[in-house]
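Commentary on secondary and tertiary structure
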Amino acid sequence: MEEKGASFEKAMEELEEAHGKDFLFEDGRVLGSMCTKPMDGSVDVHCKFIESNLGNPGLYPGTKQLEERILSMVSSLLHGNDFHGQVQAGGTESNIVAAWVARNVSGKNEVVYCENAHFSMLKACDVLRMKPVEVGLNENFEMDVGEVEDKITDDTAIVVASAGSTELGAIDPIEQLSDICGDKTFLHVDASFGGFVIPFLEELGYPTRPFDFQLDGVSSLVLDGHKMGMSTIPSSVFLLRKEEDLRSIAVESPYLTSLHSTSLLGTRSSAGVAALYFAIRTLGREGYREIVKKCMENTMYLASEVKRIGLGVPIEPVMNICGILVDDPAKVREELDGKNWKVSMSRHPDCLRVVVMPHVTRQVIDSFVRDLEDVSGG
Ligand SMILES: Cc1ncc(COP(=O)(O)O)c(C=O)c1O
């Protein structure tokens, strides 16, 4: 650190330079991200609430009220009767908190998750010193329910299912998992990506399956505002069926305005809370349905274009993620990178993966498919 601060102009020049190196969603080259450009207006709201810290809620009763309203609105979208939980910093935080709560409530130590679950579950096991118990996939790249039954033991604290897997957007058979877990085993649904998609898929007539609190065995669920929630980073909504479960992670917080802290983080960035409130209030179900409709039409278009150039898809897209089967995915990805396309990969199966977020328009798809055909010899 320099003794004397730089001038405003100098610091801004350095920041502009750094910003210029970053990829922006509006450039239309980012095809592997589960985030997108936050909706108009949410960034202004985010900045307005930049001082709020829900880690010390007594100072921010207005922001706290917004958080409670988000929990209530999202809970009603997901067939929850009541609302308990928190707006957190993302799927990773919420998945760690789910495992933490389950461990403390049950006094048990094993985490049953699927091999295509988000890697945050491994972080959760490591941080909490819980034992990871991995189960395999069925032919649709969903959690193998039979194997779950075999691997649940007297020491199982939590079963984690995905509603919209990171890799292919697959939805695990949560109805069956709910029956298996019942009221004996904590069942957490990671709907970080799918939570703002699946309710609208259903309304648009796409085939889907139950994944939320309408299933009695679902104990907790996360959905991310900074993914298909169309809001700013950071925001995830962590919902719990039972309020008392959250108390299992409470610690005394004597120097704050609340007696107990029940969050993983201390100081909590709360601008994302206000921005997500804005997104949910202004979009409403109708707005989200329109966004999902467009993304799904573009996803189906991408899948059909992929087939037209002689390539395959591992599964028909379940939501707005499309796997692409090519001979040497790592090499094709590198060549696409050379053409400035930022595509990612799936491991199950080994293939390319495009997340068809709102910034991935039909024009973008046409231009991408031309380059894909070139590099893959499709
Ligand atoms: C299914 C799923 N869960 C959790 C996460 C982690 O979310 P975050 O990066 O917001 O912590 C992701 C991220 O892509 C995800 O796809």
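Quick caveat, the model's predicted, so the values are computed rather than measured.

In terms of domain boundaries, the chain breaks down into domain 1 (8-38 + 288-376) and domain 2 (42-281). For domain 1 and domain 2, the distance between their C-alpha centroids amounts to 26 Å. In this complex, domain 1 contributes 30 residues to the contact, which on the side of domain 2 involves 36 residues. On the domain 1 side of the contact with domain 2, Tyr-288, Met-319 and His-348 bury the most area, a combined 27% of that side's loss.

A few words on the nonpolar core. In terms of nonpolar packing, the biggest core is built from 60 residues, with Ile-70, Val-74, Leu-78, Ile-174, Phe-211, Met-228 and Tyr-288 touching the most fellow members. The element best represented in this core is helix α10 (residues 271-308), accounting for 12 residues. Per-domain counts for this core show at least three residues from each of domain 1 (8-38 + 288-376) and domain 2 (42-281). In this structure, Met-228 is in contact with Met-34, Phe-193, Phe-196, Val-197, Tyr-288, Ile-291, Val-292, Cys-295, Asn-320, Met-357 and Pro-358, ignoring residues within four places of it in sequence. By size, the runner-up hydrophobic cluster in this structure holds 25 residues, among which are Leu-31, Leu-311, Val-354 and Ile-365.

So, on to the side chain of His-84. With respect to the helices and strands, His-84 occurs in the loop between α3 (61-77) and β1 (85-88). Looking at His-84, the relative accessible area reads 14%, which means it is buried. If near-sequence neighbours (up to four positions away) are discounted, His-84 is found in contact with Phe-238, Leu-239, Leu-240, Arg-241, Lys-242 and Glu-243.

Taken as a whole, this structure holds 19 salt bridges when the rule is applied. Between Lys-10 and Glu-14 there is a salt bridge, with the nearest N and O atoms lying 3.6 Å from each other. Taken as a pair, Lys-10 and Glu-14 lie in helix α1 (residues 8-21) at a separation of 4 residues, close to a single helical turn. When its relative accessible area of 37% is taken as the criterion, Lys-10 is described as partly exposed. Of the charged contacts, one joins Lys-37 and Glu-26 as a salt bridge, the two residues approaching to 3.1 Å between their closest N and O atoms. Residue Lys-37 is located in the loop between α1 and α2 (42-48), and its partner Glu-26 is located in the loop between α1 and α2; the two are separated by 11 residues in the primary sequence.

This brings us to the site of the ligand. Taken together, 13 residues lie around the ligand, and Thr-92, Thr-166, Asp-190, His-226 and Lys-227 are the ones closest in. A distance of 3.1 Å separates an oxygen atom of the ligand from a polar backbone atom of Gly-91. In this structure, Lys-227 approaches the ligand through a side-chain N or O atom, which is 2.9 Å from an oxygen atom. Of the residues forming the shell around the ligand, the biggest block, 3 residues, is contributed by helix α4 (residues 91-106).

Now for the sheet that holds strand β11 (residues 344-347). Two orientations exist for strands paired in a sheet by backbone hydrogen bonds: parallel and antiparallel. Across the sheet, which stays open at both edges, the 3 strands sit in the order β10-β12-β11 with antiparallel pairing between neighbours. The open sheet terminates on both sides in strands that have one partner only, identified here as β10 (321-324) and β11. Between one strand axis and the next, the sheet turns by 40 degrees as a mean value, whatever way the strands run. Note that β11 and strand β12 (residues 350-355) share 4 bridges and pair antiparallel. Bridge pairing links Met-345 to Leu-352 in β12. Lying on the sheet, α10 is in contact with β10 and β12; it crosses β10 at an angle near 10 degrees. Together, β11 and β12 form the strand contacts of helix α11 (residues 329-338), whose direction differs from that of β12 by roughly 40 degrees.

Each value, and the rule that gives it
- Residues numbered from 1 in each chain as written.
- Predicted model: local features only at pLDDT ≥ 70, side-chain atom pairs only at ≥ 80, totals over all residues.
- Heavy atoms only, no water.
- Domains from an automatic or database assignment.
- Contact = heavy atoms within 4.5 Å.
- Buried area = accessible area lost by both parts, 1.4 Å probe.
- Core = buried A, V, L, I, M, F, W, Y, C linked by side-chain atoms within 4.5 Å.
- Buried < 20%, exposed > 50% of the residue type's maximum accessible area, 1.4 Å probe, protein only.
- Helix = DSSP H or I, 4+ residues; strand = E, 2+ residues; numbered from the N terminus.
- Salt bridge = Lys/Arg side-chain N within 4 Å of Asp/Glu carboxyl O.
- Near = heavy atom within 4 Å.
- Polar contact = N/O pair within 3.5 Å; in protein donor to acceptor, adjacent residues only side chain to side chain.
- Pairing = 2+ DSSP bridges.
- Axes fitted to C-alpha atoms, helices over the stretch in contact; angles between N-to-C directions.

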